[in-house]
Amino acid sequence: MKIGIVKEIKNNENRVAITPAGVQELVKNNHEVMIEFNSGINSGFTNEAYQAVGAKIISDPAVIWQQDLVIKVKEPLKSEYKYFRKGLILFTYLHLAANLELTKELLKNKVIAIAYETVQLPNGHLPLLAPMSEIAGRRSVIFGATLLEKHHHEQKQQGILLSSIPGVNKTKVLIIGGGTAGYNAAQIAIGLQAQVTILELNEERIRFLEEQLNHQCQVLKSNVNNLTSEIIAADLVISTVLIPGAKAPKLITEAMVKTMKKGSVIIDIAIDQGGSVETIVAATTHDRPTFLKHNVIHSAVANIPGAVAKTSTLALTNATLPYINLIATSGLKEAIIKKPELKLGINCYDGNIVLPVMAQALTLPYLPLTID
């Protein structure tokens, strides 16, 4: 199969969809790989490194988009819609439940759109979302620690150190959602000796978190009462709530935000899916990551892992390469038979939405997937 890798154009998106080592595996399996010029530079991978393993370096993105399978990191932007066409297989993070315009373009052009984030195993694990959730969770605590420092910029920080100091009250970190991102955020916050509380809905997951984190933090049932009381005391709130393929529920209301400490921080990791904070109506960027509302610092960068591009690209390739290689080698129908979790990854097929939870989120028609 002919595979294209385009250069990411989203604000400060420094990742690339695949490493040279990943390309080498595809070429070894007799696939033709084309990569846009300088796609890997910001992740530390040169054009020469890709050429050395058999990739063709192409300067014109239109040529890349003409290939059978196009792999990316982030969703296509408006300037890329013109490349959509019937039969194109697009494999990337899409988060379509919060993006009606992109969804309509994919449907209109009958693109086969496969979303990394909705590929789901029977046990609920999201194998292609997990590595980026791990990174986003860990980095959210590191970034949150910076935002709490007084010198950051003109906004009204508390001027506190996230890490604990003897004789001083511990900084309070509230993590909403105990999935992969929340668990990883908790690990870092606990390591920094903050006072950590996790709110989690699933009873089995609550017990998992208690055991895996060695009872070093408080894990509470996620409900309105607990959220309302815990958010008042928090210095840093990290919301990680995400429902695969659906819009994130608005858990943190504006009324709750008004009760928070002056200079406290909210970071919403799930902004790609619409976000769970009522006072955050759109994603922020790495260039302008924060804004102030009700004296609370808000941040909702949609591509947090893009700031650590090399680590992220290596982790992403580890997760996606087996699926990319299988689709390219066996075709989509056979790939689904061999890895059934791929079926839930297919969001759009032949002009139809084939993922029910996504159709519900967008209030658009749903048609069950049928591949001839």
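Refer to the structure presented above.
Residues numbered from 1 in each chain as written. Predicted model: local features only at pLDDT ≥ 70, side-chain atom pairs only at ≥ 80, totals over all residues. Heavy atoms only, no water.

## Describing the overall build of the protein
In plain terms, the rule: Secondary structure elements are defined from DSSP: runs of H or I of at least 4 residues count as helices, runs of E of at least 2 residues count as strands, and each element is numbered from the N terminus. All radius of gyration figures rest on C-alpha atoms, and the globule criterion is 2.2 Å times the number of residues raised to 0.38. Each residue is placed in one exposure class: buried if its accessible area under a 1.4 Å probe, protein chains only, is under 20% of its type's maximum, exposed if it is over 50%, and partly exposed if it falls in between. Any two residues having at least one pair of non-hydrogen atoms within 4.5 Å are treated as being in contact. In this count, Lys and Arg are taken as positive residues and Asp and Glu as negative ones, while His and the chain termini are left out. The location of each charge is read from NZ of Lys, CZ of Arg, CG of Asp or CD of Glu.
In terms of helices and strands, the protein carries 13 helices and 15 strands. The C-alpha atoms of the protein give 21 Å as radius of gyration, which agrees with the globular expectation for 372 residues (21 Å, within 12%). C-alpha atoms of the protein, sized along the principal axes, occupy 65 × 45 × 35 Å. Taken across its 372 residues, the protein has 54% of its residues classed as buried. Expressed as a percentage of contacts within the protein between residues at least 6 apart in sequence, the contacts between residues at least 24 apart total 62%. Charge centroids of the protein, computed over 36 positive and 32 negative side chains, lie 3 Å from each other.

## Quick look at the pattern of salt bridges
Spelled out, the test is: When a carboxyl oxygen of Asp or Glu lies within 4 Å of a side-chain nitrogen of Lys or Arg, that pair is called a salt bridge.
Under the definition given, this model contains twelve salt bridges. Among the ionic pairs, Asp272 bridges to Lys74, the shortest N-O distance being 2.9 Å. Separated by 198 residues along the polypeptide, Asp272 in the loop between β11 (265-268) and β12 (290-293) and Lys74 in the loop between β4 (69-71) and β5 (89-92) bring together distant segments of the chain. The pair Asp272 / Lys74 is uniform in exposure class, with both members buried. The salt bridge partner of Asp235 is Lys261, with a shortest N-O separation of 2.9 Å. Here Asp235, found in the loop between α8 (224-233) and β10 (236-239), pairs with Lys261, found in the loop between α9 (254-258) and β11; they are 26 residues apart in sequence, far enough to count as distant. Judged by its relative accessible area of 29%, Lys261 is partly exposed. Linked through salt bridges whose partners overlap, the residues forming this network are Lys10, Lys74, Glu75 and Asp272.

## Section: the sheet that holds β11
Going by this rule: We treat two strands as partners when DSSP finds at least two bridges between them. Under this scheme, a helix contributes an axis fitted over its contacting stretch, all axes are lines through C-alpha atoms, and angles between N-to-C directions fall in the 0 to 180 degree range.
Taking strand neighbours across the sheet as the criterion, the seven strands line up as β9-β8-β7-β10-β11-β13-β12 in an open arrangement whose pairing is mixed. Strand pairing shows two members of the sheet lacking a second neighbour, β9 (218-221) and β12, which therefore form its edges. Going from strand to strand, the sheet's axes swing by 20 degrees on average, the running direction of each strand aside. Contacts from helix α7 (residues 203-212) reach β8 (195-200) and β9 within the one sheet, and its direction differs from that of β9 by about 175 degrees. Strand contacts of α8: β7 (172-176), β8, β9 and β10, with the helix running at about 145 degrees to β7, the strand carrying the most contacts.

## Here we look at the layout of surface pockets
Note the following rule: Note on definitions: the grid is 1 Å and covers protein atoms alone; a cavity is a set of points where a 1.4 Å probe fits but cannot get out; a pocket is an open set with protein on both sides within 12 Å along at least five of seven lines; lining residues have an atom within 4 Å of a point. Grid points are joined across faces, edges and corners, and a volume is the space filled by probe spheres set on the points. Each residue is assigned to one class: nonpolar for Ala, Val, Leu, Ile, Met, Phe, Trp, Tyr, Cys and Pro, charged for Asp, Glu, Lys and Arg, and polar for all the others, Gly among them.
What the largest pocket holds in volume is close to 1200 Å³. Every residue lining the largest pocket is counted, 44 residues in all, and those nearest its centre are Leu126, Gly179, Thr180, Thr240 and Leu242. Residue contributions to the lining of the largest pocket peak at four residues, all from helix α5 (residues 130-147). For the lining of the largest pocket, the residue count by class is 23 nonpolar, 15 polar and six charged. Its volume calculated, the second largest pocket comes out at about 280 Å³. Lining the second largest pocket are 18 residues; nearest its centre among them are Lys10, Glu75, Ala98, Asn99 and Asp272. When the residues that make up the lining of the second largest pocket are grouped by side-chain class, the tally is ten nonpolar, three polar and five charged.

## What to know about the pairing of strand β6 (residues 112-115)
The following threshold applies: We call a crossover right-handed when, viewed with the strands running away from us, the connection from the first strand over the helix to the second turns clockwise.
By the alternation rule, side chains of β6 split into Ile112 and Ile114 and Ala113 and Ala115, which are all buried. For the crossover from β5 across helix α4 (residues 100-108) to β6, the handedness is right-handed. Inspection of the sheet shows β6 paired to strand β14 (residues 346-349) by two bridges, in the antiparallel sense. Bridged to Ala113 within β14 is Cys348.

## Let's talk about a nonpolar patch on the surface
Counted only if it meets this: Each patch groups residues whose relative accessible area exceeds 30% and which form no salt bridge, using 9 Å between like charges and 5 Å between nonpolar side chains of Val, Leu, Ile, Met, Phe, Trp and Tyr. Areas reported as accessible are Shrake-Rupley estimates using a 1.4 Å probe. Residue values count occlusion only from the protein chains shown.
On the surface, Leu161, Ile165 and Val168 cluster together into a nonpolar patch covering about 270 Å² of accessible area. Along the chain, the position of Val168 falls in the loop between α5 and β7. Val168 gets classed as exposed once you look at its relative accessible area, which sits at 53%.

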